[in-house]
Amino acid sequence: MNTLFSGFERSKIQVSGASINLVHGGSGPAVLLLHGYPQTHCIWHRVAPQLAQRYTVVAADLRGYGDSSKPAGLPDHSNYSKRAMALDQVELMQALGHDTFHLVGHDRGGRVAHRLALDHPQRVKKLAVLDISPTRTMFEHTDRALAKAYFHWFFLIQPAPFPETLIGANPAFFMQYQMGRRHGGLKVFAAEAMAEYLRCFSDPDTIHASCEDYRAAETIDLAHDAADETKSIECPVLALWGKHGVIEQQFDCLADWRAKAREVQGRALDCGHYLPEERPDEVVRELQRFLD
């Protein structure tokens, strides 16, 4: 068992569609932290203990990741839709006694958080999204530069078992290449956190589930987003992104989110994609200022 969340309680909670692994601790208003690909809740190990001094912090593994359950993908990928993954987290927070909460999502977790805020607006007090623009916006503005930088989007959506087989031949190489090619390189990750990422990503079921996450993003998630084209996020939104990342180079992050939400603020931090591990203190300051 890793020691990254000393003082936090570790739990697994069965929700209607999955068993969700999490850590939780602290006291005060509830804050749910959601991670991205190819990581786990451990991305928050430098952020969660600081937030727990003022908030009740829950850091969960998304369905298909970490030590959460990993059902086989359905033909329409609906059990890895952001709608299904968001419902997991709503039911998780209800089980912990939190009918309303603040919500923070990085990367894939930000996409789940976006859908959660649309589907369950009464649950979310404030929403923070880290280093993403909305999924549909990004697909609609894909060009050669984005396809090169985000090649994994288009690789992982290929039919099973093609990407699963290639990644499964050497999961550690693929994961370390994918994470290490970003601005900060592999040096930004704590050794214990990286060991957890490698442990979890070495599971063939995780590889399959994470591919299903991306397959859903390119199919059923886009259909859900199109159906909600005129629906705005009702709660205040904070957008943070890396100054040395693809979002800064390819998108107008604030404008993209202002097209989807009523109230948006945010800025770039002096880092790459992995804000919670590259600039944890700054992320904490921005979150506290926003959530307070």
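Here the structure is shown first, and the text comes after it.
Computed from a prediction, not measured in an experiment: that's the story for all the values here.

A. Here's a closer look at the overall build of the protein. Along the protein, the regular secondary structure elements total 15 helices and eight strands. Against the compact-globule benchmark of 19 Å for 292 residues, the protein has a radius of gyration of 17 Å, which places it among compact chains. Viewed in the frame of its principal axes, the protein has a C-alpha envelope of about 45 × 45 × 40 Å. For the protein, with 292 residues in total, the buried portion stands at 61%. Contacts in the protein between residues at least 24 apart in sequence constitute 76% of all its contacts with a sequence separation of at least 6. With an accessible surface of roughly 11,100 Å², the protein has 51% of that area assigned to carbon and sulfur atoms.

B. Quick peek at the side chain of Arg 63. Note on placement: Arg 63 falls in the loop between β4 (56-60) and α2 (82-95). Take Arg 63: its relative accessible area is 5%, and that puts it in the buried class. Here Asn 79 takes part through its backbone oxygen, which lies 2.8 Å from a polar atom of the side chain of Arg 63. When residues no more than four places from it in sequence are discounted, the contact partners of Arg 63 are Gly 17, Ala 18, Ile 20, Ser 68, Ser 69, Pro 71, Asn 79, Tyr 80, Ala 84, Met 85 and Asp 88.

C. Structural detail: the packing of helix α8 (residues 171-180) against helix α9 (residues 191-201). Two numbers describe how α8 lies on α9: the axes approach to 9 Å, and their chain directions differ by 130 degrees. As judged from the angle between their axes, α8 and α9 are oblique. The chirality of how α8 crosses α9 is right-handed. Within the contact between the two elements, α8 uses Pro 171, Ala 172, Phe 174, Met 175, Gln 176 and Met 179 and α9 uses Met 194, Tyr 197, Leu 198 and Phe 201. Here the contact of α8 with α9 is built from residues that sort into nine nonpolar, one polar and no charged.

D. Geometry of the sheet that holds strand β1 (residues 9-14). The mixed open sheet is built from eight strands, whose spatial order is β1-β2-β4-β3-β5-β6-β7-β8. Because the sheet does not close on itself, it has two edges, and the strands there are β1 and β8 (264-269). Taking each pair of neighbouring strands and ignoring which way they run, the sheet shows an average axis angle of 20 degrees. For strand β7 (residues 237-242) and β8, the ladder comprises six bridges, and the chain directions are parallel. Counterpart to Ala 239 in the pairing with β8 is Gly 266.

E. Quick look at helix α10 (residues 204-218). In this model α10 runs 22 Å from its N-terminal to its C-terminal C-alpha over 15 residues, within 8% of the 21 Å that 1.5 Å per residue would give. Every buried residue of α10 is listed here: Thr 206, Ile 207, His 208, Ala 209, Ser 210, Cys 211, Glu 212, Asp 213, Tyr 214, Arg 215, Ala 216 and Ala 217. Sitting at the head of α10, Asp 203 places a side-chain oxygen 2.9 Å from the backbone nitrogen of Asp 205.

F. Local environment of the packing of aromatic side chains. One pass over the full model with this rule turns up 14 aromatic pairs. Seen in terms of ring centroids, Phe 155 and Phe 162 are 6.0 Å apart; in terms of plane orientation they differ by 80 degrees. Their pairing is edge-to-face. These aromatic residues form a ring-pair network of at least three members: Tyr 37, Tyr 65, Phe 155, Phe 162, Phe 174, Phe 201 and Tyr 214. Taking the ring centre of Tyr 214 as reference, the NZ or CZ of Arg 108 above it sits at 3.8 Å. Looking at Lys 126, its charged tip hangs above the ring of Phe 290, at a distance of 5.2 Å from the centre.

The rules behind these values
- Residues numbered from 1 in each chain as written.
- Predicted model: local features only at pLDDT ≥ 70, side-chain atom pairs only at ≥ 80, totals over all residues.
- Heavy atoms only, no water.
- Helix = DSSP H or I, 4+ residues; strand = E, 2+ residues; numbered from the N terminus.
- Rg over C-alpha atoms; globule rule 2.2 N^0.38 Å.
- Buried < 20%, exposed > 50% of the residue type's maximum accessible area, 1.4 Å probe, protein only.
- Contact = heavy atoms within 4.5 Å.
- Areas by Shrake-Rupley, 256 points an atom, 1.4 Å probe, with all protein chains shown as cover.
- Polar contact = N/O pair within 3.5 Å; in protein donor to acceptor, adjacent residues only side chain to side chain.
- Axes fitted to C-alpha atoms, helices over the stretch in contact; angles between N-to-C directions.
- Parallel < 35°, antiparallel > 145°, perpendicular 65-115°, else oblique.
- Left-handed = near helix turned anticlockwise from the far one by under 90°.
- Nonpolar A, V, L, I, M, F, W, Y, C, P; charged D, E, K, R; others polar.
- Pairing = 2+ DSSP bridges.
- Expected span 1.5 Å × (residues − 1).
- Phe/Tyr/Trp six-rings, centres within 6.5 Å; stacked < 30°, edge-to-face > 60°.
- Lys NZ or Arg CZ within 6 Å of the ring centre and 35° of its normal.

No statement about biological role is implied by the geometric values presented.
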